[in-house]
Amino acid sequence: MAYSRVGCRLIQTMYQKGLTGKTVADPVFTMAHETPAIKIDSFLETEINMSKKIIVVCSALAFVGCVTTSWATEPVVERAVSVRVIAKIGPRLVSKLIVSPDGMRVAFIVGVGGRRKEVGEKAWDKYAVVVDGKESAPYDGVGLPFFSPDRGLPFFSPDSKRVAYITRINNEKFIVVEGSDGKRHVERVISSRRILGLQFSPDSKRVVYMTRSGSIRGPSYIVVGGQKSKPYANVYRLVFSPNSKRVAYIAHQSEGQHLFKKFIVIDGQEGKHYRSGHELMRSNLVFSPSSKRLAYTVEKYSKPRHSFVVLDGKEGTRYNGIRRFSITFSPNSKSVAYVAHVKKKETIVVDGIEGKHYLRIVSRPFFSPDSKQLAYVAEEDGKMFVVVNGLVSDWLLAKFVSFAKEGKRYDAIQIYAYAGHLLFSPDSKRLAYIAQNDGNEFVVLDKKEGKPHGPIRMGNTTIIRIRPTSLTFSPDSKRFAYATIDTVFIDGKAGKRYYQVCPSLQFSPDSKRLAYMAKDGNRQFVVLDDNEGVPYFKIIGGPWAGNARHAENNCTPEMNSLRFNSSTSLHYLVLKDRRSIFLAEEKLK
């Protein structure tokens, strides 16, 4: 159901001139639902009354025109929207927009002074960091080792209250940490040294980074909360424990020309030294959720070659190889699993016990939230399948191989970030993943195959139809949703088809509502229970909304600004135009 062009133009004109009966505190109408009509003016009521439930949205800045949508059977959610400006952007924007973890703050880099014809760091005289609309002092550069639009950006602490970034002034380097309370900490770093791995601790209280000299013999340091570690020839892969109380990293100590001892440093204490011919795998240095245990991988690449996992300081069985990023602790921290290469086969090793050997283990291990089940994807005879092991008790653990259950075999099971993607429900009773057969993709939920989705081909490229990061269970585990490129499916039912939907799906805390961002034509909006919200020029973290000028964002979780505050309210960041960023907040009824 839609208005005629004349009616819509008339509403738009009346809105711009302030002639409607609508009370407007912001350029975008507060959203409301009227039954049987929305009263804008008496002579328009005849046309409006043609729909039982209508949402009317008018915005001169966000969307030129008016859009109406009718649902005769869907329940209408009343959504009162308020917006406020939090930052100005404009043509000086030179970086992507960085969204805080709580989705309410934003940071970015702008050019300062004259603009030049050069590209990259020389495009502007100076650069400044803008956080929540407040611009910093100008710097010669922001980010290391070299400035570019996608490197060295500011980043928020996990609690969203602090921002850290690296700057340069007159060939000197500084680490800057800004707090939401206005406090600012600046730490000078020797200009000849490299800065790597700048990060906040999980509790957001400490800042840590690695600093190296230009020489392979060091000295290199770890700096935690402004305190330098013992100097080493080199340092790598710095990790905090989940409780923020422990720090671990890989260190090298020179012992002659091109010869180094390599070891783990935990809480300032050096672990066993491994001489040249060994390498400590940087991708497999992992703390347990309890922060009490640590695992890492050692590779011996001189003959005879082998790899092994060191868990709590004890070396495990030697294997032909250990898969990168595969070490996984159970949520209760009692078990640890990883993928090992055994001759020409691969297997999952759980607490030192090997599972069945397969031609290939496709994914890393996935523990259920209650730590009682372990799932992974295996391949044999050209087919992929999910294997689920029940880890019920310690005495059964030794025989968990005999309790392994292999699922149905498929042409493929969708891979995400080289690790596969299996999703347990919060109550650990349900399992979902994406499979392929005969060119069609479908979700397998509780061992039942869902609607098949045919491939999308663009030239010689086949596009993945179902978004792997979109698989989502509700907090109570009773509901399930996923997204294709253009449609969201909730509890097996397809929503409206759009040009594009963002795969970051959000259930409300009470599991009753689902919200997501969608794009249709030139407008972007938040869809709540199939009801479209206010259309905007861009939604930060929404479809193609990462950069106000280039609009080339792919709905990454890091950029997503849509959050439920409670079961009756949500918020997100929007651009009404190319000049301002707004925080939009909705109250739901």
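Our subject is the structure that appears above.
Cut-offs and rules
- Position numbers for residues start from 1 in each chain and track the written sequence from start to end.
- Totals for whole chains, interfaces and linings use all residues, but because this is a predicted model, local features are given only for residues with pLDDT of at least 70 and pairs of side-chain atoms are given and counted only at 80 or more.
- Here the side-chain values reflect all heavy atoms present in the structure, with hydrogen atoms and water set aside.
- By definition, a salt bridge exists where a carboxyl oxygen of Asp or Glu is found within 4 Å of a side-chain nitrogen of Lys or Arg.
- Helix and strand definitions here come from DSSP, where helices need a minimum of 4 consecutive H or I residues and strands a minimum of 2 consecutive E residues; each element is numbered from the N-terminal end.
- Residue burial is assigned from relative accessible area. The probe radius is 1.4 Å, only protein chains are included, and a residue is buried under 20% of its type maximum, exposed over 50%, and partly exposed in between.
- Strand pairing is assigned whenever DSSP detects at least two bridges linking the two strands.
- The residues that make up patches have over 30% relative accessible area and no salt bridge, and they are joined within 9 Å when like-charged or within 5 Å when they are Val, Leu, Ile, Met, Phe, Trp or Tyr.
- Per-residue and other accessible areas were derived by the Shrake-Rupley procedure at a 1.4 Å probe size, with only the shown protein chains allowed to occlude residues.
- Residues scored as positive are Lys and Arg, those scored as negative are Asp and Glu, and His as well as the terminal groups of each chain are ignored.
- Throughout, a charge is located at the NZ atom of Lys, the CZ atom of Arg, the CG atom of Asp or the CD atom of Glu.
- Each Phe, Tyr or Trp ring (for Trp, its six-membered ring) is paired with any other whose centre lies within 6.5 Å, and the angle between the two planes then decides the class: stacked below 30 degrees, edge-to-face above 60, tilted in between.

> Looking at this structure, I do not really get the pattern of salt bridges. What am I missing?
Any two side chains of opposite charge can pair, so long as their charged atoms come close to each other. Tallied over the entire structure, the rule returns 25 salt bridges. With its nearest N and O atoms 2.9 Å apart, the salt bridge here joins Arg479 to Asp491. Taken together, the positions of Arg479 in the loop between strand E42 (472-473) and strand E43 (480-483) and Asp491 in the loop between strand E44 (488-490) and strand E45 (493-494) put the pair 12 residues apart, joining distant regions of the chain. The exposure class of Asp491 is partly exposed, given its relative accessible area of 41%.

> Can you walk me through unusual backbone geometry in this structure?
Leaving glycine aside, a negative phi is the common case for residues, and trans is the common case for peptide bonds. Unusually for a residue other than glycine, Lys343 sits at a positive phi of about 55°. Residue placement: Lys343 occurs in the loop between strand E27 (336-342) and strand E28 (345-350). Classification of Lys343 by relative accessible area gives exposed; the value is 75%. A positive phi angle, near 70°, is found at Asp530, a position not held by glycine. Within the secondary structure layout, Asp530 lies in the loop between strand E49 (523-528) and strand E50 (531-532).

> Just to check I follow, could you spell out the pairing of strand E18 (residues 247-254) for this structure?
Within a regular beta strand, the side chains point alternately toward one face of the sheet and then the other, so they alternate between its two faces. With respect to burial, E18 is a largely interior element, six of its eight residues being buried. As paired strands, strand E17 (residues 234-240) and E18 are joined by five bridges and run antiparallel to one another. Considered in E18, the bridge of Val239 is made with Ala248. The antiparallel pairing of E17 with E18 creates a hairpin that spans six residues between the two strands, and Ser244 there sits at a positive phi of about 70°. Both E18 and strand E19 (residues 260-266) contribute to a ladder of seven bridges, which runs antiparallel. Each residue of the ladder has a partner; that of Ala251, found in E19, is Phe263.

> I would appreciate a short explanation of the sheet that holds strand E16 (residues 227-228) in the present structure.
Sheet strands pair via backbone hydrogen bonds, and the direction of the pair is either parallel or antiparallel. Ordered by their spatial adjacency, four strands build an open sheet running E13-E14-E15-E16, and the pairing between neighbours is antiparallel. Edge strands, defined here as strands with exactly one partner in the open sheet, are strand E13 (194-200) and E16. Of the strand pairs in this sheet, strand E15 (residues 221-224) and E16 are connected by two bridges, and their pairing is antiparallel. By the bridge assignment for E16, Val223 is matched with Lys228.

> Looking at this structure, how should I read a negative patch on the surface?
On the surface, Asp370, Asp427, Asp476 and Asp510 cluster together to form a negatively charged patch. Within the fold, Asp510 resides in the loop between strand E47 (506-507) and strand E48 (514-520). Here Asp510 falls in the partly exposed class, since its relative accessible area comes to 32%.

> Mind showing me how you'd approach the packing of aromatic side chains here?
Centre distance and the angle of the planes are the two values used to describe a pair of aromatic rings. Under the criterion given, the structure shown has 12 aromatic pairs. With a centroid separation of 5.5 Å and 70° between ring planes, the pair formed by Phe155 and Phe200 is classed as edge-to-face. With Phe155 in strand E9 (residues 155-156) and Phe200 in strand E13, the pair connects residues that are 45 residues apart, well separated along the chain. Classification of Phe155 by relative accessible area gives partly exposed; the value is 23%. Put simply, the rings of Phe473, Phe480, Tyr482 and Phe489 pair up and form one aromatic cluster.

From the geometry alone we can't say anything about function, so treat these as descriptive.
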